[in-house]
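Residue strings, one per chain:
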Amino acid sequence: MLDNYEKFKKDVLTLTKIDLNCYKEKQMKRRIDTLIGKTKAKSYDEYVSLLKTDKKIFEQFVNFLTINVSEFYRNPDQWKLLDTKIIPELIQKFGKNLKIWSAACSTGDEPYSLVMALSRHLPLNQIHILATDIDKQVLEKARVGLYSDKSIANVPDDLKRKYFTKIGASFQISDEIKKRVEFKEHNLLRDAYPSNCNMIVCRNVVIYFTDDAKLDIYQKFNQALKKDGILFIGSTEQIMNYKELNYERSSSFFFIKE
């Protein structure tokens, strides 16, 4: 019998530093109960005991909590706008040494996409992306840089030919792209944010959080941006009160810090 979810949330916070109170409860609890049902645990306390003693189950749990659905150039129309309008404007405003943060970067598809998009405008040795995620496992996958055919389907053909090598059924991203990305562990709900960013990319992640957590994150993103810096969000997300949060809307998914 799975009961006392409140205690379970506290145990999870102690063990993982992930605060389940910041996630939509009904949706998250259903996902967790399904995961627990695949183990021998009959209660939340028994599952917590497994998390403490079984490294594989612990890593599976953290991986399960952190939603890792990612692909290169996800929503290609937005990346086209980034290429033709946003990046040239950023270079015009801030010069060529841009500070760009890819937050909740998952398996690296997004920060590597950013490097490739920027490579059309800047020499590779002038590009640096800070990429962060709460999940150590996905950061390890990102550093390896091995992807499926489906994951890279939207990459422009010229960039695909230039920066990927086929290895069996997978595709390896080139070291010259990898070198431009610095991966770090970071919890959006808990850790200090970088400062003086020219652009922050955080897409299709905040949707899983409560309204209060979303508000806090968008406020912190605003503080982390330089004036006239850009926040790039996902197609599943909206910032209805963007004016109150000190943003100006550039287009549906790009917001400028006022």
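Heads up: the structure comes first, above all this text.
Residues numbered from 1 in each chain as written. Predicted model: local features only at pLDDT ≥ 70, side-chain atom pairs only at ≥ 80, totals over all residues. Heavy atoms only, no water.

**Overview of the packing of aromatic side chains**
Turning to step 1, where the next piece is worked out: Per the stated rule, a full pass over the model turns up 18 aromatic pairs.
Turning to step 2, where the next piece is worked out: Seen in terms of ring centroids, Phe232 and Phe254 are 4.2 Å apart; in terms of plane orientation they differ by 20°. Their pairing is stacked. One end of the pair, Phe232, is in strand β8 (residues 225-232); the other, Phe254, is in strand β10 (residues 254-257), with 22 residues separating them in the sequence.
Turning to step 3, where the next piece is worked out: Of the residues examined, Phe232 reaches a relative accessible area of 0% and is grouped as buried.
Turning to step 4, where the next piece is worked out: When its relative accessible area of 0% is taken as the criterion, Phe254 is described as buried.
Turning to step 5, where the next piece is worked out: One aromatic cluster is present, formed by Tyr5, Phe8, Tyr44, Tyr47 and Phe61 through successive ring pairs.
Turning to step 6, where the next piece is worked out: The side chain of Lys29 reaches across the aromatic face of Tyr5, ending 5.7 Å from its centre. (Phe/Tyr/Trp six-rings, centres within 6.5 Å; stacked < 30°, edge-to-face > 60°. Helix = DSSP H or I, 4+ residues; strand = E, 2+ residues; numbered from the N terminus. Buried < 20%, exposed > 50% of the residue type's maximum accessible area, 1.4 Å probe, protein only. Lys NZ or Arg CZ within 6 Å of the ring centre and 35° of its normal.)

**Considering the pattern of salt bridges**
Turning to step 1, where the next piece is worked out: If you walk through the whole model with that rule in mind, you get 14 salt bridges.
Turning to step 2, where the next piece is worked out: With a closest N to O distance of 3.1 Å, Asp11 and Lys7 form a salt bridge. Residue Asp11 and its partner Lys7 are both found in helix α1 (residues 5-16); the two are separated by four residues, about one turn of the helix.
Turning to step 3, where the next piece is worked out: With relative accessibility at 36%, the residue Lys7 sits in the partly exposed group.
Turning to step 4, where the next piece is worked out: Taken together, the shared-partner salt bridges connect Glu6, Lys9 and Glu25 into one network. (Salt bridge = Lys/Arg side-chain N within 4 Å of Asp/Glu carboxyl O.)

**Topic: the packing of helix α4 (residues 55-65) against helix α7 (residues 136-144)**
Turning to step 1, where the next piece is worked out: Interaxial distance between α4 and α7 falls to 8 Å at its minimum, and their mutual angle equals 80°. As summarised for this structure, α4 and α7 are arranged roughly perpendicular, according to the angle between their axes. For the pair formed by α4 and α7, the contact residues are Glu59, Gln60 and Asn63 on the first element and Gln137, Val138 and Lys141 on the second.
Turning to step 2, where the next piece is worked out: Split into classes, the residues belonging to the contact of α4 with α7 amount to one nonpolar, three polar and two charged. (Axes fitted to C-alpha atoms, helices over the stretch in contact; angles between N-to-C directions. Parallel < 35°, antiparallel > 145°, perpendicular 65-115°, else oblique. Contact = heavy atoms within 4.5 Å. Nonpolar A, V, L, I, M, F, W, Y, C, P; charged D, E, K, R; others polar.)

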